Amino acid sequence: MESTPSAWSDADGYLADLLVGHDSHLEAALDAQREAGLPEIEVAPVGGKLLNLLVRISGARRVLEIGTLGGYSTIWMARAVGPDGLVVTVEAEADNAAVARRSIDAAGVGDRVDIRVGRAEDVLPTLEGGFDLVFIDADKESNTLYLDWAATLGHPGTVVVLDNIGRDGEIVRDDTTDPKVIGTRAGLRMLGEDPRFDATALQTVGVKGWDGIALAIVV
Ligand code: DHB
Ligand code: MG
């Protein structure tokens, strides 16, 4: 096989069919997001399942998500925290939050999801801490601010997941002028240097092209 974006996408679909399957609530959330004109930049199905597994493997009961979009990843994690768990998810765009609210409620997990509408830099200082897992998937320019809050609102052992660390390999460019790449690089540097974190990162190819996630623990 030749390594091309369409081959990555086909293989990703094959894995998702085998390991993730189909789910009417999740697919409805994606339909609602598309119909509302939101960008189709949610995590891939295999990525949503990974978040679900990370919550369960870590036993997380309180999850913080920064960047709700249409609620697709939120539903994946809300299912994993169980009936007594909580997902607090922060979304800057009120229109996105309204779409997410409907999809999350329709998926039957609305009682365990608290959507906070506002810019994360304003909302995060108002939250009560004690989060066991933090998923950062918002504006890449603010990655270091969000990582700082993840450490502050977490505790030793908190799992931190940072999305979109590959960016088509652009992360190696130290002369980049792309603000998203600059923000991604700054987040990765912080995960490497800040003694509050112990981290690694994995590149991914698939339906979202060439990208990746960083995974850290608050030490
Ligand atoms: C972008 C943001 C995302 O969270 C993502 O998963 C893919 C792309 C973006 O802003 O380019
Ligand atoms: Mg993302």
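Preceding block: the structure.
Residues numbered from 1 in each chain as written. Chains lettered and ligands numbered in written order. Predicted model: local features only at pLDDT ≥ 70, side-chain atom pairs only at ≥ 80, totals over all residues. Heavy atoms only, no water.

### A closer look at helix α2 (residues 24–35)
Okay, so step 1: Taking 1.5 Å as the rise per residue, α2 with 12 residues should run 16 Å; its terminal C-alpha atoms sit 16 Å apart, in good agreement.
Okay, so step 2: Among all positions in α2, only Leu 26, Ala 29, Leu 30 and Gln 33 are buried. In an axial view of α2, the angular spread of the buried residues amounts to 95°, which keeps them on one side of the axis. Facing away from the buried side of α2 by over 90 degrees, the exposed positions are Ser 24 and Glu 35.
Okay, so step 3: Its buried side turned inward, α2 meets α4 (72–81) and α5 (94–106).
Okay, so step 4: Looking at where α2 begins, the residue whose side-chain oxygen comes 3.0 Å from the main-chain nitrogen of His 25 is Asp 23.
Okay, so step 5: Gly 37 sits one or two positions beyond α2 and adopts a positive phi of about 80°. (Helix = DSSP H or I, 4+ residues; strand = E, 2+ residues; numbered from the N terminus. Expected span 1.5 Å × (residues − 1). Buried < 20%, exposed > 50% of the residue type's maximum accessible area, 1.4 Å probe, protein only. Arc of directions from axis to C-beta. Contact = heavy atoms within 4.5 Å. Polar contact = N/O pair within 3.5 Å; in protein donor to acceptor, adjacent residues only side chain to side chain.)

### What to know about the site of ligand 1
Okay, so step 1: As a structural note, the neighbourhood of ligand 1 is formed by Ile 41, Asp 137, Lys 140, Asp 163, Asn 164, Arg 167, Lys 180 and Lys 208.
Okay, so step 2: Take Asn 164: an N or O atom from its side chain is 2.6 Å from an oxygen atom of ligand 1.
Okay, so step 3: One of the side-chain nitrogen or oxygen atoms of Lys 208 is found 2.3 Å away from an oxygen atom of ligand 1.
Okay, so step 4: Counted by class, the shell around ligand 1 contains 1 nonpolar, 1 polar and 6 charged residues. (Near = heavy atom within 4 Å. Nonpolar A, V, L, I, M, F, W, Y, C, P; charged D, E, K, R; others polar.)

### Some remarks on the layout of surface pockets
Okay, so step 1: Estimates place the volume of the largest pocket at around 740 Å³.
Okay, so step 2: If you trace the largest pocket, you find 36 residues lining it, with Ile 41, Asp 137, Ala 138, Asp 139 and Lys 140 closest to the centre.
Okay, so step 3: Listed by contribution, the elements that provide at least two residues to the lining of the largest pocket are α4, β2 (86–91), α6 (120–123) and β7 (209–218).
Okay, so step 4: By volume, the second largest pocket amounts to about 480 Å³.
Okay, so step 5: Lining the second largest pocket we find 29 residues, and of these Val 46, Gly 47, Leu 50, Thr 204 and Ile 213 sit closest to its centre.
Okay, so step 6: Of all elements in the fold, only α1 (5–19), α3 (45–58), β5 (159–163), β6 (197–206) and β7 reach the threshold of two or more residues within the lining of the second largest pocket.
Okay, so step 7: The biggest single contributor to the lining of the second largest pocket is β6, with 7 residues. (1 Å grid on protein atoms, 1.4 Å probe; cavity = no way out; pocket = protein on both sides within 12 Å on 5 of 7 lines; lining within 4 Å. Points joined across faces, edges and corners; volume = space filled by probe spheres on them.)

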